[in-house]
Amino acid sequence: MAALAAHAVEVDGIAARVGSSVILKSDVIGEMRRAGAGPDRYAMVRGEMIERELMLKAAAAAKLQMQDWVVENRIREIVTRVFGGDMNRFKATLAKDRVTFPEWRQRLKDDMVVAAMRWQTIDKNVTANPADMRKEYEAHPERYVSDSRVTVSAILVGPGDADKKPEIEEALKTEPFGEVAKKYSSDARAADGGQWKDVKPEDVFRPEICAEIAKMKKGETSKWIELDGWNFLIRKDDEKTGAKMSFEEAYDAVAENVRREIADKRYREWIDRLKAETYIKVY
């Protein structure tokens, strides 16, 4: 058995060693596929996986555990939100992606442990002082604009259905975007033609999609955006730019940005310490 395992590792290839743990090239490639990352991001994704392994080891050393009932509750939330509570449909989707339910569950549990470890070590101890907040507000006035809203329409294709993308692209040549969304989209607003009206993108969409929306002109449709196996097609229907907020109006947003900047700096310092304390070899 040990010889077979060693042969499998040799054939697959080792991407990195983190202490006694091994990250295989196939692990990195699988993570790239889930994140929709291109080949040029291999080193970046491998680095993120090394940091993740460091945090899992730190959590184990700190005896931070995630209770099974917490994980099960999170699974139910995901299945209810994305698959209408249909566990069989969810598992069928995993099977299409050649992922077993135990593998997916362990991944989710590890994600929850990593998030809890970061919060316990970094985020819960971060506060924003008034001087730093005033400096942030004055340095980045473009971040604090009131009533800035967009109306976008989305077509969302679920995991395992990526082969429908050419069919959708062909349909969009002759049919209105909204009608195609009604027919193909798994988005929560599909029945409304996939339209999200007068929203702040960051309140509705993930950062990668927000960044794409920000670059788009009114009436423009994005290319496919792949995130965690899901494929998004976004059209910017309208955009309303608001007025500059006063410091008092922007207080909560300013505080959040300052806390995020401090947390990111402390996170990097923490990861650097963990790296210094752990044997790491990158192949």
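What counts as what
- Residues numbered from 1 in each chain as written.
- Predicted model: local features only at pLDDT ≥ 70, side-chain atom pairs only at ≥ 80, totals over all residues.
- Heavy atoms only, no water.
- Helix = DSSP H or I, 4+ residues; strand = E, 2+ residues; numbered from the N terminus.
- Polar contact = N/O pair within 3.5 Å; in protein donor to acceptor, adjacent residues only side chain to side chain.
- Contact = heavy atoms within 4.5 Å.
- Pairing = 2+ DSSP bridges.
- Axes fitted to C-alpha atoms, helices over the stretch in contact; angles between N-to-C directions.
- Buried < 20%, exposed > 50% of the residue type's maximum accessible area, 1.4 Å probe, protein only.
- Arc of directions from axis to C-beta.
- Phe/Tyr/Trp six-rings, centres within 6.5 Å; stacked < 30°, edge-to-face > 60°.
- Lys NZ or Arg CZ within 6 Å of the ring centre and 35° of its normal.
- Parallel < 35°, antiparallel > 145°, perpendicular 65-115°, else oblique.
- pLDDT = per-residue confidence, 0-100.

What follows deals with the side chain of Ser185. Note that Ser185 resides in the loop between α9 (177–184) and β4 (195–199). Within the structure, the side chain of Ser185 is placed 2.9 Å from the backbone nitrogen of Leu156, a separation counted as a polar contact. Reaching out from Ser185, the side chain makes a polar contact with the backbone nitrogen of Asp187 at a distance of 3.0 Å. In this structure, Ser185 is in contact with Ala154, Ile155, Leu156, Val180 and Ala190, ignoring residues within four places of it in sequence.

Next up on the list: the sheet that holds strand β6 (residues 230–240). Spatial ordering of the open sheet is given by β4-β3-β6-β5, a layout of four strands whose pairing is antiparallel. The outermost strands of the open sheet, each flanked by one partner alone, are β4 and β5 (225–227). On average, adjacent strands in this sheet sit at an angle of 35° to one another, irrespective of strand direction. In terms of strand pairing, β5 meets β6 through three bridges, oriented antiparallel. Note on β6: the bridge partner recorded for Ile225 is Phe232. Of the strands in this sheet, β3 (149–157) and β6 touch α9, which is tilted by about 45° from β3.

Further remarks concern helix α8 (residues 165–172). Along α8, the residues that are buried comprise Lys165, Ile168 and Ala171. Looking straight down α8, one finds that the buried residues subtend no more than 120° of arc, so they occupy a single side.

This paragraph deals with the packing of aromatic side chains. A complete count under the given rule lists nine aromatic pairs for this structure. For the pair Phe101 and Trp104, a centre-to-centre distance of 6.2 Å together with 25° between the ring planes defines the contact as stacked. Taken as a pair, Phe101 and Trp104 lie in helix α6 (residues 101–121) at a separation of three residues, close to a single helical turn. The class for Phe101 is partly exposed, based on a relative accessible area of 23%. Look at Trp104 and you get buried, because its relative accessible area is 18%. Ring centres 6.2 Å apart and planes at 65° place the aromatic pair Tyr267 and Trp270 in the edge-to-face group. Within this pair, Tyr267 and its partner Trp270 are both found in helix α12 (residues 251–277), separated by three residues, close to a single helical turn. Classification of Tyr267 by relative accessible area gives buried; the value is 11%. Members of the aromatic cluster, each reached through a chain of ring pairs, are Phe83, Phe90, Phe101 and Trp104. Directly above the ring of Phe101 sits Lys91, whose terminal nitrogen or CZ lies 4.8 Å from the centroid.

This part takes up the pairing of strand β1 (residues 14–18). With four of its five residues buried, β1 lies for the most part within the structure. With four bridges joining them, β1 and strand β2 (residues 21–24) adopt antiparallel strand pairing. Bridging from a neighbouring strand, Ala16 pairs with Ile23 of β2. Linkage of β1 to β2, two consecutive antiparallel strands, is achieved through a turn of two residues, within which Gly19 is found at a positive phi near 60°.

Here helix α4 (residues 68–83) crosses helix α5 (residues 87–96) at 90°, and the two axes come no closer than 9 Å. Considered as vectors, α4 and α5 are oriented roughly perpendicular to each other. Between α4 and α5, the contacting residues are Ile75, Val79, Val82 and Phe83 on the first element and Met87, Arg89, Phe90 and Thr93 on the second.

What follows deals with the confidence of the model for the chain. Averaged over the chain, the pLDDT score is 89; the fraction of residues at 70 or greater is 96%. Helix α7 (residues 130–139) holds the highest mean pLDDT among the elements of the chain, 96, whereas helix α1 (residues 2–12) holds the lowest, 43. Overall, residues 1–11 carries pLDDT values under 50, and its contacts beyond four positions in sequence, including any with other chains, amount to two contacts.

Attention shifts here to the pairing of β6. Looking down a regular strand, the side chains alternate between one sheet face and the other. One ladder, built from nine bridges, connects β3 with β6; its direction is antiparallel. Bridging across to β6, Thr151 finds its partner in Asp238. Joining the antiparallel neighbours β5 and β6 is a turn of two residues, in which Asp228 adopts a positive phi near 55°.

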